[in-house]
Amino acid sequence: DAGVIQSPRHEVTEMGQEVTLRCKPISGHNSLFWYRQTMMRGLELLIYFNNNVPIDDSGMPEDRFSAKMPNASFSTLKIQPSEPRDSAVYFCASSLETITEAFFGQGTRLTVV
Amino acid sequence: KNEVEQSPQNLTAQEGEFITINCSYSVGISALHWLQQHPGGGIVSLFMLSSGKKKHGRLIATINIQEKHSSLHITASHPRDSAVYICAGRYSTGNQFYFGTGTSLTVIP
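From a predicted model like this one, the values you see are computed outputs, not experimental measurements. (Residues numbered from 1 in each chain as written. Chains lettered and ligands numbered in written order. Predicted model: local features only at pLDDT ≥ 70, side-chain atom pairs only at ≥ 80, totals over all residues. Heavy atoms only, no water.)

A.B. asks: Explain the state of the cysteines to me, and be specific about the residues and the numbers.
C.D. replies: Residues and elements named next belong to chain A. Per the stated rule, a full pass over the model turns up two disulfides over all chains. Here Cys23 connects covalently by a disulfide to Cys92, the sulfurs 1.9 Å from one another. In this structure the cystine formed by Cys23 and Cys92 twists about its S-S bond by roughly -70°; its chirality is therefore left-handed. Of the two residues, Cys23 is situated in strand β3 (residues 19-24) and Cys92 in strand β9 (residues 88-96); the sequence distance between them amounts to 69 residues. Overall, Cys23 belongs to the buried group, its relative accessible area being 1%. (Disulfide = S-S within 2.5 Å. Helix = DSSP H or I, 4+ residues; strand = E, 2+ residues; numbered from the N terminus. Buried < 20%, exposed > 50% of the residue type's maximum accessible area, 1.4 Å probe, protein only.)

Below you can see the structure in the form of structure tokens.
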């Protein structure tokens, strides 16, 4: 298996623009997590899905952030409009519910200028 | 209050030294996940444990449920072990992880 695949690896955008991050979880995994990592706050859970349904989005910073999982093999995290303080590395991870270990993608480094 | 606390924050060791990284966690966390983040940023899962001890190569992870404490040990450390080590706790009632702030390890040749 190729592991969790995220795209793009790097994104530079101007403030106010819409940004969409993409994630393909490991086939067969039914839990998917979106995390954000910054120097100041470390790793933070933004939202997670179980069987394509959002379970806990309490970590989503504000209404500018939204996440979807239209099917078991694809999820998006959208920021609209983006702001410089959104600059961070965004990780996607997936796990099989009965096996608690989570596997991480390589991350998307977002820079908002 | 942080659900998961790690120590030390930074650690420098000579090649060959035995290294221990500690993680304390809150009541209700039933599993501990140890992760390694390489200088390039990628995150690798090392161990997931809810009791006892696990070993993989030179890495050993232990957990003491009564004391709510877990340790990650590295034997015969090597410069390629230099990375940030993160522990994350998972509550039995949910599916999400709560992360420690990480321990930055540097192993000097």
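A.B. asks: An account of the pairing of strand β11 (residues 108-112) of chain A is requested, with residue identities and associated values reported.
C.D. replies: Residue and element names in this part refer to chain A. Here β11 shows a buried face lined by Thr108, Leu110 and Val112 and an unburied face lined by Arg109 and Thr111. Pairing between strand β2 (residues 10-13) and β11: four bridges, direction parallel. The partner of His10 across the bridge, within β11, is Arg109. Here β9 pairs with β11 via three bridges, running antiparallel. Along β11, the bridge assignment pairs Ala88 with Leu110. (Pairing = 2+ DSSP bridges.)

A.B. asks: Residue-level account of the layout of surface pockets, with values.
C.D. replies: Considering only enclosed or pocket space, the largest pocket measures out at about 1,100 Å³ in volume. Around the largest pocket, the lining is made up of 45 residues, and of these A:Gln37, A:Thr38, A:Arg41, A:Gly42 and A:Leu43 lie nearest the centre. Mapped by element, the contributors of at least two residues to the lining of the largest pocket are β4 (31-38), β5 (42-50) and β9 of chain A together with β1 (4-7), β9 (83-91), β10 (97-99) and β11 (103-108) of chain B. Ranked by residue count, the leading element in the lining of the largest pocket is β5(A), at five residues. Counted by class, the lining of the largest pocket contains 17 nonpolar, 21 polar and seven charged residues. (1 Å grid on protein atoms, 1.4 Å probe; cavity = no way out; pocket = protein on both sides within 12 Å on 5 of 7 lines; lining within 4 Å. Points joined across faces, edges and corners; volume = space filled by probe spheres on them. Nonpolar A, V, L, I, M, F, W, Y, C, P; charged D, E, K, R; others polar.)

A.B. asks: So what's going on with the sheet that holds strand β8 (residues 69-74) of chain B? Residues and values would help.
C.D. replies: Residue and element names in this part refer to chain B. The sheet built from five strands is open, its strands ordered β1-β3-β8-β7-β6 with antiparallel pairing. Since the sheet does not close on itself, it has two edges, and those belong to β1 and β6 (52-56), each with one partner. Pairwise comparison of adjacent strand axes, ignoring direction, gives a mean angle of 15° for this sheet. Across five bridges, the pairing between β6 and strand β7 (residues 59-64) is antiparallel. Considered in β7, the bridge of Gly52 is made with Ile63. (Axes fitted to C-alpha atoms, helices over the stretch in contact; angles between N-to-C directions.)

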